[in-house]
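Chain residues, written in single-letter form:
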Amino acid sequence: MNRKVLRQAIFDSDFFGHGGEKRTAQISNLLTANNIEYILVPGLVKQKISLAFLKNLVLSVLINIKIGLRLRSISSILNMVKRIYHSALIINSIEKISRFDTSIFLWEGTKPENYIYPIYFKRLKYKVIGLPHNLESLVPSQFSKITNKKSPSWLWEEMAMLKVCDVVFTISREENLLLKQFGIDAQYLPYFPAGDVYHRLLDIRSHRTRKKEIKAIKKLLMLGSIINIPTRLGMIDRIDWFVNSKPDNYKLGIAGYSTEELKSIIIDSENIVLYGSLSNDQLYDMLSEVDAVLIHQVASSGALTKIPEMLIAGIPILINCESARSYYNIDGLNIYENDAELNEYLLNEKVFRVPPLPQIPYSYFKSFLNRI
């Protein structure tokens, strides 16, 4: 007989999507591959005033008072009213499915507007498992929608809510250590792709392994969505470096969602090519041909899903230390502390060899499944 769990997520499951969708897809895959049925909590629907909804409003008031006490903060009256109404809609949407033969809730969307979920399900005696994609309070420019504090000033709030969980699985080792220092039962669950995308990455590796030619001009690729602030800032930084340094015999390609917007800052640069958004087929064709991937972010939280994917595909990575979260001392991952070190890597032909195939982290998957 299959086990069932309730689950709250804010992204679709898509190994071919952006980082958040990939992490959600990984969790979905681990559950279904191990005969664990998950039921996603439904979205919000506006409600007419009724006795049932009034009851949920009262419960929402009590829960939001509890959240306020836990966070040791008081919102403005207008903000509190909005939160109470929003929370009542959440309660109304989940109460019908929260009383069936399961007692486990997976909390993935750990943003402040979703703080009601762990409190509500603990009230029903559920085991609550936190699966934050990253620590939201440590993402540059992120604000708490409860206290309006700016990153990183609301870290304590996020820790206070994650403490509600029975266990928290993090995507990065650094977050895992930090949560443990706050007294939270935290375990590490690294990202690793599966299914069709894994096999396509292996196909790219096979193609790259067969290539023997040495190119006079090497191609680097920066890949990512500039909607993500750390990615956007990092891309702009490397564009400036490439324009000013003009490294010999290198071209820099830039691809990803909305990267077309970077056109205004790439002026008269013959060694930078802006590809913009690509289809999956276009992307995989490009990954088969580039010599290395360049990753550069400002300091943030979480871990980059593209790191294990590129290594599986046999693509060496040039990466600044702030981006290499959770991944150190790995063949094919060339971490630079400054521009001088990056330039040294570019002069070293050994950097561009096909790296070893990463091992699937089965032991971490087993630890996760054992807690469900």
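Everything discussed here concerns the structure shown above.
### Quick notes on the sheet that holds strand S7 (residues 218-223)
Next up, step 1: The strand order S9-S8-S7-S10-S11-S12 describes an open sheet built from 6 strands, whose pairing is parallel. The two strands at the open ends of the sheet, each matched to only one other strand, are strand S9 (272-276) and strand S12 (333-336). Strand-to-strand twist across the sheet, computed as the mean angle between neighbouring axes with direction ignored, equals 25°.
Next up, step 2: Summarising the sheet, strand S10 (residues 292-295) and strand S11 (residues 317-320) pair through 3 bridges and their orientation is parallel. Bridge assignment links Val293 to a residue of S11, and that residue is Ile317.
Next up, step 3: Each of S7, strand S8 (250-255), S9, S10 and S12 touches helix H8 (residues 229-245); the most contacted strand, S8, lies at about 155° to it.

### Quick notes on the pairing of S7
Next up, step 1: Burial within S7 is extensive, with 5 of its 6 residues counted as buried.
Next up, step 2: Where S7 and S8 come together, 6 bridges link them in parallel fashion. From the neighbouring strand, Leu223 faces S8, where its bridge partner is Ala255.
Next up, step 3: For the handedness criterion, the β-α-β arrangement of S7, H8 and S8 is classed as right-handed.
Next up, step 4: Examined bridge by bridge, S7 and S10 share 2 bridges and lie parallel to one another. The residue of S10 that forms the bridge with Leu220 is Ala292.

### Topic: the sheet that holds strand S3 (residues 104-107)
Next up, step 1: Reading across from one edge, S2-S1-S3-S4-S5-S6 is the order of the 6 strands in this open sheet, with parallel pairing throughout. Every other strand in the sheet has two partners, leaving strand S2 (36-40) and strand S6 (186-188) as the edge strands with one partner each. Sheet twist, expressed as the average angle between the axes of neighbouring strands with direction ignored, equals 30°.
Next up, step 2: Here strand S4 (residues 127-130) runs beside strand S5 (residues 167-170); their pairing, made up of 2 bridges, is parallel. Pairing of Ile129 across the sheet is with Val167, part of S5.
Next up, step 3: Helix H1 (residues 19-33) contacts strand S1 (3-8), S2, S3 and S5 of the sheet and is inclined by roughly 135° relative to S2.

The rules behind the values
- Residues numbered from 1 in each chain as written.
- Predicted model: local features only at pLDDT ≥ 70, side-chain atom pairs only at ≥ 80, totals over all residues.
- Heavy atoms only, no water.
- Pairing = 2+ DSSP bridges.
- Helix = DSSP H or I, 4+ residues; strand = E, 2+ residues; numbered from the N terminus.
- Axes fitted to C-alpha atoms, helices over the stretch in contact; angles between N-to-C directions.
- Contact = heavy atoms within 4.5 Å.
- Buried < 20%, exposed > 50% of the residue type's maximum accessible area, 1.4 Å probe, protein only.
- Right-handed = clockwise from strand over helix to strand, strands pointing away.

Honestly, that's just the spatial picture; any functional story needs more than this.
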